[in-house]
Amino acid sequence: MSGRFGERIRAALSAHGPLCVGIDPHRALLASWGLDDSAAGVREFGLRTVDAAAGRIAAEQPQVSFFERFGSAGFAALEEVLAAARAADLVVIADAKRGDIDTTMDAYAAAWLTSGSPLEADALTVNPFLGVGALESTFALAEGSGKGVFVLAATSNPEASAVQRARSTDAQTVSAAIIDEVSSRNARSTTDGEWASLGFVIGATVDWTDAGIAAFTPAAPILGPGFGAQGAGPADLLARFGTHASMVIASESRSILSAGPDALIAAIDARAAEYREALNV
């Protein structure tokens, strides 16, 4: 199999189905799990979630902010969780949403996408709203090291619509322009039939017509927030994503994590089965 991230996530989704469990140790979740609101608490929360997910799903998505709030101790905890998830053969998507001018972005990319880095992940979410061009070296680093990037394009939070639905003089939305620009780059770097390693964040609650977006080529993975607590479910895979449904990584966190540590495996198994049934895989 190709060492490219696009092909690795494609194989993982084929083997396990679309479900991706977020690692979001909210204060309330920590309390319900009987854990302290501390770096030690988020470490234990993350490692337990990894143990429950291993071998059952394709990917996990640690939300960096919930570790970052504890400073250096929180980052040390995150390093352990990232390493454990990758050792368990889960595809690890660091939800850090980094985005800056090119030189600063280079440093962010090196932190998350360099082999052997303490914060090494398989893929990183990035913010293109300082210009897609500012991400060029991040794209190059990811592709050169077998990593992936998920570019925010049409997110599930309603506050984003004013910016993402804004239209240029040619009537194209910002979301559509981002997808087109990244897809053009993917076309230059992807062999026919392969999935690209530069994917998109497109919310499961987003109406594609309203967002001004349409089918794109070449094929690329889609990280889909908005499932679970935000209202979307397995049936929305086909309803929202249509012919791209098989490319979707369906990210759920609170809806599954709220089952608690003792029922977590059962919750993951049940939800993963629902997603596989929705795609008939």
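What you see is a predicted model, and the numbers here were worked out from it, not measured in a lab.

Trainee: Any chance you could explain the overall build of the protein chain here in plain terms?
Mentor: Broken down by element type, the protein chain carries 13 helices and 8 strands. Taken over C-alpha atoms, the radius of gyration comes to 18 Å for the protein chain, in line with the 19 Å a tight globule of 281 residues would show. Projected onto the principal axes, the alpha-carbon positions of the protein chain cover approximately 55 × 40 × 40 Å. Evaluated residue by residue, the protein chain yields a buried proportion of 52% over its 281 residues. Taking the contacts inside the protein chain whose residues are at least 6 apart along the sequence as the reference set, 73% of them involve residues at least 24 apart. A total of about 11,100 Å² of accessible surface is found on the protein chain, and carbon and sulfur atoms cover 51% of it. Charge-centre separation for the protein chain: the mean point of 20 positive side chains lies 1 Å from the mean point of 33 negative side chains.

Trainee: Even after reading the chapter, I still don't get unusual backbone geometry, so can you show me in this structure?
Mentor: Backbone phi values are negative for most residues with the exception of glycine, while trans is the configuration of most peptide bonds. Each neighbour pair has its own omega, and for Thr-217 with Pro-218 the value is -5°, a cis peptide bond. Its location among the elements puts Pro-218 in the loop between helix H10 (208–211) and strand S7 (222–224). With a phi angle near 65°, Asp-89 is a residue other than glycine that sits in the positive phi range. One can find Asp-89 in the loop between helix H5 (71–87) and strand S3 (91–98). A positive phi angle, close to 75°, is found at Ala-171, a residue other than glycine. Along the chain, Ala-171 turns up in the loop between helix H8 (161–164) and helix H9 (174–189). Among the residues examined, Ala-171 registers a relative accessible area of 44% and is labelled partly exposed.

Trainee: For this particular structure, what's the right way to read the sheet that holds strand S8 (residues 248–252)?
Mentor: Strands sit in the order S1-S2-S3-S4-S5-S6-S7-S8 around a closed barrel of 8 strands; the barrel is parallel. The mean inter-strand angle of the sheet, taken between neighbouring strand axes irrespective of direction, is 30°. Here strand S1 (residues 19–23) runs beside S8; their pairing, made up of 3 bridges, is parallel. Across the sheet, the residue bridging to Cys-20 is Ser-251, located in S8. The strands touched by H9 within the sheet are strand S5 (148–154) and strand S6 (198–202), with S6 carrying the most contacts at an inclination of about 165°.

Trainee: Is there a simple way to think about the nonpolar core in this case?
Mentor: As a rule of thumb, soluble globular proteins bury nonpolar side chains together. By size, the foremost hydrophobic cluster in this structure holds 71 residues, and its most contacted members are Trp-112, Ile-202, Phe-227, Phe-241 and Ile-268. The element best represented in this core is helix H3 (residues 39–53), accounting for 6 residues. Apart from residues lying up to four places away in sequence, Ile-268 is in contact with Leu-19, Val-21, Ala-52, Ala-53, Arg-56, Ile-57 and Ile-256. With 18 residues, the next largest nonpolar core counts Val-91, Phe-150, Trp-195 and Ala-219 among its residues.

Trainee: Could you clarify how one ought to interpret the side chain of Arg-185 in this entry?
Mentor: Its place among the elements puts Arg-185 in helix H9. Ignoring anything within four residues of it in the chain, the contact list for Arg-185 reads Glu-136, Phe-139, Ala-140, Glu-143 and Leu-198.

Reading the values: rules and limits
Residues numbered from 1 in each chain as written. Predicted model: local features only at pLDDT ≥ 70, side-chain atom pairs only at ≥ 80, totals over all residues. Heavy atoms only, no water. Helix = DSSP H or I, 4+ residues; strand = E, 2+ residues; numbered from the N terminus. Rg over C-alpha atoms; globule rule 2.2 N^0.38 Å. Buried < 20%, exposed > 50% of the residue type's maximum accessible area, 1.4 Å probe, protein only. Contact = heavy atoms within 4.5 Å. Areas by Shrake-Rupley, 256 points an atom, 1.4 Å probe, with all protein chains shown as cover. Lys, Arg positive; Asp, Glu negative; His and termini not counted. Charge placed at Lys NZ, Arg CZ, Asp CG, Glu CD. Pairing = 2+ DSSP bridges. Axes fitted to C-alpha atoms, helices over the stretch in contact; angles between N-to-C directions. Core = buried A, V, L, I, M, F, W, Y, C linked by side-chain atoms within 4.5 Å.

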